[in-house]
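Each chain, letter by letter, is given below.
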Amino acid sequence: MSGEMMTIAPLLTVVFGAVAVLIADMLVPARRLTPINTLLIAANVAVFAMEVRLGPDAVRALERYAMVPAAITHGQSDAFATLITSLFLHAGFAHVAGN
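To start, this report covers the structure provided alongside it. (Residues numbered from 1 in each chain as written. Predicted model: local features only at pLDDT ≥ 70, side-chain atom pairs only at ≥ 80, totals over all residues. Heavy atoms only, no water.)

Some remarks on the pattern of salt bridges
- For the coordinates displayed, the defined rule picks out 2 salt bridges.
- A salt bridge links Arg60 to Asp57; the shortest N-O distance between them is 3.2 Å.
- The class for Asp57 is partly exposed, based on a relative accessible area of 41%.
- Here Arg64 makes a salt bridge to Asp78, at a shortest N to O gap of 3.7 Å. Here Arg64 is found in helix α3 (residues 58-65), whereas its partner Asp78 is found in the loop between α4 (69-73) and α5 (82-85), with 14 residues between them in sequence. (Salt bridge = Lys/Arg side-chain N within 4 Å of Asp/Glu carboxyl O. Buried < 20%, exposed > 50% of the residue type's maximum accessible area, 1.4 Å probe, protein only. Helix = DSSP H or I, 4+ residues; strand = E, 2+ residues; numbered from the N terminus.)

Here you go:
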């Protein structure tokens, strides 16, 4: 075995092993939703329902709770909370359904 092949062999083993695990995960259907997944789905649907209910006023809520990267990098005091709140905001029905 050449020296070049010997140095790449461990990398190939890791890459092909990871691909095999991913394929196996896709082939085995999930048995059920875990309680935390159910809770997160319910929270996302509830927040989206509130966004829809707000109608045009939702813009103010989005401005307040959406993450703005510049606010994070400039260290604005309330910006770090948006790292969590932004996870529950959705742009439309397709967005919430896709998540």
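Picking up after the structure, the text goes on.
Comments concerning the packing of aromatic side chains
- Counted according to the given criterion, the structure contains 1 aromatic pair.
- Here Phe48 and Phe93 contribute two aromatic rings whose centre-to-centre distance is 5.2 Å and whose plane-to-plane angle is 80°, an arrangement assigned as edge-to-face. With Phe48 in helix α2 (residues 35-54) and Phe93 in helix α6 (residues 93-98), the pair connects residues that are 45 residues apart, well separated along the chain.
- Here Phe93 falls in the exposed class, since its relative accessible area comes to 63%. (Phe/Tyr/Trp six-rings, centres within 6.5 Å; stacked < 30°, edge-to-face > 60°.)

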